[in-house]
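Below, each chain spelled out in residue letters.
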Amino acid sequence: MAKPIDQQQNFFKGIVKENPVFVMLLGMCPALGVTSSAFNGLGMGVATLFVLLMSNIVVSLVKSQIPNKVRIPAFIIIIASFVTIVEMVLEAYIPFLYEQLGIFIPLIVVNCLILGRAEAFASKNTLKSSVLDALGMGLGFVIALTVLGAVREVLGNGSIFDWKFVSEDANTLILFILPPGAFIALAYLAILFNRLTLKTA
Amino acid sequence: MDYLVILIAAVFVNNIVLSQFLGICPFLGVSNRVSTSIGMSGAVLFVMTIATTVTYLLHHYVLLPSGLEYLRTITFILVIAALVQMVEIVLKKVSPPLYQALGVFLPLITTNCAVLGVAILALGLDNGSLLKAVFFAFANSLGFGLALIVFASIREFLELANIPEGMKGVPINLLVAGLLSLAFLGFAGLV
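Residues numbered from 1 in each chain as written. Chains lettered and ligands numbered in written order. Predicted model: local features only at pLDDT ≥ 70, side-chain atom pairs only at ≥ 80, totals over all residues. Heavy atoms only, no water.

1. A look at the packing of aromatic side chains
The cut-off we apply is this: Only the six-membered ring of Trp is used, alongside the rings of Phe and Tyr, when aromatic pairs are assigned; centres must lie within 6.5 Å, and planes under 30 degrees apart are stacked while those over 60 apart are edge-to-face, with the rest tilted. Counting from the N terminus, the helices are DSSP H or I runs at least four residues long and the strands are E runs at least two residues long. Relative accessibility under 20% of the residue-type maximum defines a buried residue, over 50% an exposed one, and the middle range a partly exposed one, all with a 1.4 Å probe and only protein chains included.
Tallied over the entire structure, the rule returns 11 aromatic pairs over all chains. Here F11 of chain A and F12 of chain A contribute two aromatic rings whose centre-to-centre distance is 5.0 Å and whose plane-to-plane angle is 80°, an arrangement assigned as edge-to-face. Judged by centre distance (6.5 Å) and plane angle (85°), the rings of F50 of chain A and F82 of chain A are edge-to-face. Taken together, the residues F50 of chain A in helix α3 (residues 38–62) and F82 of chain A in helix α4 (residues 71–93) connect sequence positions 32 residues apart. Look at F82 of chain A and you get buried, because its relative accessible area is 13%. Among the aromatic residues, those joined into a cluster by ring pairs are Y3, F135 and F138 of chain B.

Below is the structure:
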């Protein structure tokens, strides 16, 4: 390590400058697949944050024990173990969310965000930096998914976090809770995000 | 008849990329040229079909009898990772031209969630059998290929288009994907 990492910057980079969804385009499948409501987006985000944090911790602790050649399979096993834990906990305690997220829970394993941070960051840095990196990146992911879910829910269903603010028979833009709406909503959010970050930069 | 329904459902109605959101990374990542997207589709077709065959057998003859279903995620991802490596080694030896065409795409496939996703979805088919699961994987990889190649052809045209500054790159691609997904929505109710 040439120079110590600025920990504050290390934490905040995941939220704005290197936001996994809007900027780096990592973990797009769950970002598009489960965000038909704000609650689902939040649930998926938190589940991913947990796996990301735990795998970053373990990877940074055992990094010197893992031979370089088998590091990717080793990382995948570490990640898959935590995903299995999340899967079982959700099934037992929040069955509603478990059903809503469905196939995307086991698919947290192949979320390129998690393997990407393990390989690019946790395997090279100290425990403390890795924890902050995971928290920043994870929070960036949670925020992105919740915002995307909220936008789609507001436009498509006239509600937010299941609180309906239009009458039952009002016409909403159902398109936004259907698959095409996911792409279109994310496209406009990405434009907006670019615009905002370019202004502050 | 059953198989025809699976085929139409997987390719058009529940297209794996455009309506189930699996395999978005390669869909956005390697779709700037039609030729590369054909290579990627070929590699996915190959790996997805073999991976589903192996994971289906493993699930039914190893995990289920020994009550180890909760290890599904871990075993499947390991099997897929190992399989991709093996396919790469075998192809290199047996069919160099095919390896030339698909080689660079193979390592990318391990983290393609479509492969793991289809392997898991194939376990949940009605009256599932090995043949059905394998056919399901085959049909889904055709759906992946169709979406990818159509998307790549549109992107080749986009290069010549005059796009507003703020929408260049990611946003315009996502919008095109959204419109394509809208077109595929028209198939809903077909099966």
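There is more to say, and it comes next.
2. Some remarks on the nonpolar core
To be explicit about the condition: For our purposes a nonpolar core is just a set of buried Ala, Val, Leu, Ile, Met, Phe, Trp, Tyr and Cys residues, chained together by side-chain atoms within 4.5 Å. Whether two residues are in contact is decided by their heavy atoms: any pair within 4.5 Å suffices.
Counting 111 residues, the largest nonpolar core has V21 and F104 of chain A together with I24, F27 and I109 of chain B as the members making the most contacts within it. Residues within four places of I24 of chain B in sequence aside, it is in contact with M28, C29, L32 and F183 of chain A together with V17 of chain B.

3. Some remarks on the packing of helix α1 (residues 2–13) of chain B against helix α8 (residues 130–158) of chain B
All names here are of chain B. Under the convention used in this document: Axis lines are fitted through C-alpha atoms, for helices just across the contact stretch, and the angle between N-to-C directions can take any value from 0 to 180 degrees. Here the angle decides the label: under 35 degrees means roughly parallel, over 145 means roughly antiparallel, 65 to 115 means roughly perpendicular, and every other value means oblique. Crossing chirality is assigned from the near helix's rotation relative to the far helix, an anticlockwise turn below a right angle marking it left-handed and a clockwise turn marking it right-handed. Think of it as three bins: nonpolar holds Ala, Val, Leu, Ile, Met, Phe, Trp, Tyr, Cys and Pro, charged holds Asp, Glu, Lys and Arg, and polar takes everything else, Gly as well.
Across the interface, α1 lies against α8 with an axial gap of 7 Å and an inter-helix angle of 30°. Judged by the inter-axis angle, α1 sits roughly parallel to α8. Along this stretch, α1 crosses α8, giving a crossing that reads as right-handed. The segment α1 lies against α8, with D2, Y3, I6, L7, A10, V11 and F12 engaging L131, K132, F135, F136, A139, N140, L142, G143 and L146. Of the residues that constitute the contact of α1 with α8, the class distribution is 12 nonpolar, 2 polar and 2 charged.

4. Points about the state of the cysteines
Test applied: Cysteine sulfur atoms that pair up within 2.5 Å are treated as a disulfide.
Taken as a whole, this structure holds 0 disulfides over all chains when the rule is applied. In this model C25 of chain B remains outside any disulfide bridge; the closest cysteine sulfur is found in C112 of chain A, 3.3 Å from its own.

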